[in-house]
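# Working through the structure, step by step
The residues making up each chain are set out below.
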Amino acid sequence: MSREPNVTLSLGPAPQLVTPVTTRTIMRNVLIALAPCLVASLVLFGLDALRVTATSVVACVLLEWLWCRLRKVPSTVGDLSAAVTGVLLAFNIPAGMPTYMVVVGAFVAIILTKELFGGIGCNFANPAIMGRIVLSIAFPAAMTTWVVPRVTLSSVDAVSSATMLAPSATRIPLWDMFVGTEMGTLGETSALAILVGLAYLLATHTIIWHIPVVYVGLVFVLSALMGLDAPAQVLSGGLMLGAVFMAPDYPTATITPQGKVAYAIGLALITCLIRFWGNMNEGCAYAILFMNLLAPYINELTVDTPLGGTRPSLRVRLRDRGGETHE
């Protein structure tokens, strides 16, 4: 089914909202917000961070361009969404990841997760998350081979602390974890850099606070209730990176404020279930994937009633979602 280059929009009754914000504008804001994480990864992991990030971005952009050429449709690389996916995928990968594995992750993210489902706005899950999950399953050793940061702030032996979420992990000072001088994937170690990016996203109204704040806050509370080191649970793993840059993804997240809160609660519960009782140290990626699949249903249940309209009952809406019709 070919993508039409020219789309005719049918406008309903007034009022209409007109905005200069485009997909390119949004993606540009995300890239700017990701810049502090890129700088932090270069400082912490050196040229390997640049190699992985450059490979991922080039592969994602090139794959999307080739796909458009093969389908003989206008190229969409100019909207910068492929570049954002490339950076996010790189930030979910250790610095020592072999180059060909990075390209495999890019193929999964761009072709299998995004383009085969219709391109930007039609993907069922966040492409970078799918790339990370597939790489974790296909190359588990490479995805858990951590590079020791070049900068350390304490005397803790980083080699013995691959991740603070592991049961045998050595305790790392919280300040080290906040700054990012611990082992992990490129973009997840420095909470400071992620928070700078979050501030920019909020200031430019690229995202709103509901998903990252509720997600991280609830994980903190549940960790404290379980008697765990709640700050370490928040600062370790991919929680901060996922909460700020991947969980609020426009096509795969919920759209209403109340839906975003429900979505974030689901993210926190699944993340904690996997971390506390699962056989994996990290649960953020799988939580985001699972809630991406539930997001359309949450949208359906939380969408506002049009002015002057009537809201169908919950039973009718669920029945319609299942493909049935009613009188």
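Rules used in this analysis
- Residues numbered from 1 in each chain as written.
- Predicted model: local features only at pLDDT ≥ 70, side-chain atom pairs only at ≥ 80, totals over all residues.
- Heavy atoms only, no water.
- UniProt positions renumbered as here; feature names shortened; annotations may be inferred.
- Helix = DSSP H or I, 4+ residues; strand = E, 2+ residues; numbered from the N terminus.
- Buried < 20%, exposed > 50% of the residue type's maximum accessible area, 1.4 Å probe, protein only.
- Contact = heavy atoms within 4.5 Å.
- Areas by Shrake-Rupley, 256 points an atom, 1.4 Å probe, with all protein chains shown as cover.
- Expected span 1.5 Å × (residues − 1).
- Core = buried A, V, L, I, M, F, W, Y, C linked by side-chain atoms within 4.5 Å.
- Domains from an automatic or database assignment.
- Salt bridge = Lys/Arg side-chain N within 4 Å of Asp/Glu carboxyl O.
- Phe/Tyr/Trp six-rings, centres within 6.5 Å; stacked < 30°, edge-to-face > 60°.
- Patch = residues over 30% accessible without salt bridge, like charges linked within 9 Å, V, L, I, M, F, W, Y side chains within 5 Å.

Going by the annotation in an unreviewed UniProt entry, the name recorded for the protein chain is Ion-translocating oxidoreductase complex subunit D, with Olsenella profusa F0195 given as the source organism. We quote the UniProt Subunit (unreviewed entry) comment for the protein chain here in full: "The complex is composed of six subunits: RnfA, RnfB, RnfC, RnfD, RnfE and RnfG." Reading the Cofactor (unreviewed entry) entry of the UniProt record for the protein chain gives the comment "FMN".

Looking now at the overall build of the protein chain. Along the backbone of the protein chain there are 14 helices and 0 strands. Sequence-ordered secondary structure for the protein chain, helices as α and strands as β, is α-α-α-α-α-α-α-α-α-α-α-α-α-α. Counting across all 327 residues of the protein chain, residues that qualify as buried make up 49%. Across the protein chain, every contact between residues at least 6 apart in sequence was considered, and the portion connecting residues at least 24 apart equals 71%. When the accessible surface of the protein chain is totalled, it reaches about 16000 Å², and 68% of it is carbon and sulfur.

To continue, consider helix α4 (residues 99-114). Over its 16 residues, α4 extends 21 Å from the first C-alpha to the last, a length consistent with the 22 Å expected when each residue adds 1.5 Å. For α4, the full list of buried residues reads M101, V102, G105, A106, V108, A109, I110, I111, T113 and K114.

Glancing now at the environment of H210. For H210, the location among the structural elements is in helix α9 (residues 210-225). Among the residues examined, H210 registers a relative accessible area of 13% and is labelled buried. Here the alpha-carbon distance between H210 and G259, two residues 49 residues apart in the chain, equals 9.4 Å. Once residues within four sequence positions are removed from consideration, H210 is found in contact with Y215, P257, K260, V261 and A264.

Once that is clear, we can look at the nonpolar core. Formed by 81 residues in total, the largest nonpolar core has its most connected members in M97, Y215, F245, Y263 and L267. Split by domain, this core shows at least three residues from each of two domains, domain 1 (22-147 + 174-206) and domain 2 (208-302). Apart from residues no more than four positions distant in its own chain, L267 is found in contact with I211, Y215, A247, A287, I288 and M291.

Bringing the UniProt feature "transmembrane region" (unreviewed entry) in the protein chain into the picture now. UniProt records the feature "transmembrane region" (unreviewed entry) for residues 30-47, 99-117, 129-148, 183-202, 207-226 and 261-278 in the present numbering. Between the end C-alpha atoms of residues 129-148 the distance is 24 Å, and the span holds 70% helix and 0% strand. From the first C-alpha to the last, residues 183-202 spans 28 Å; its make-up is 60% helix and 0% strand.

The next subject is the pattern of salt bridges. A full pass over the atoms with the stated rule returns 3 salt bridges. A salt bridge links R51 to D48, with the shortest nitrogen-to-oxygen separation between them at 3.4 Å. Residue R51 and its partner D48 are both found in helix α2 (residues 47-71); the two are separated by 3 residues, about one turn of the helix. One salt bridge connects R132 with E188, and the closest N-O pair in it is separated by 3.5 Å. Taken together, the residues span a long stretch of sequence, with R132 in helix α5 (residues 127-138) and E188 in the loop between α7 (174-179) and α8 (191-203) at a distance of 56 residues.

For the rest of this paragraph, the subject is the side chain of S41. With respect to the helices and strands, S41 occurs in helix α1 (residues 23-45). Among the residues examined, S41 registers a relative accessible area of 0% and is labelled buried. For S41, the residues in contact, after removing those within four places along its chain, are G46, A49 and L186.

The next thing to look at is the packing of aromatic side chains. Applying the stated criterion across every chain yields a total of 4 aromatic pairs. Ring geometry for F276 against W277: centres 5.7 Å apart, planes inclined by 80°, an arrangement best described as edge-to-face. Judged by relative accessible area, which is 19%, F276 ranks as buried. Taking the relative accessible area as the measure of exposure, W277 reaches 60% and is therefore exposed.

Another point: a nonpolar patch on the surface. Judged by side-chain polarity, V58, L62, W65 and L66 come together as a nonpolar surface patch covering roughly 350 Å² of accessible area. One can find V58 in helix α2. You can call V58 exposed: its relative accessible area is 53%.

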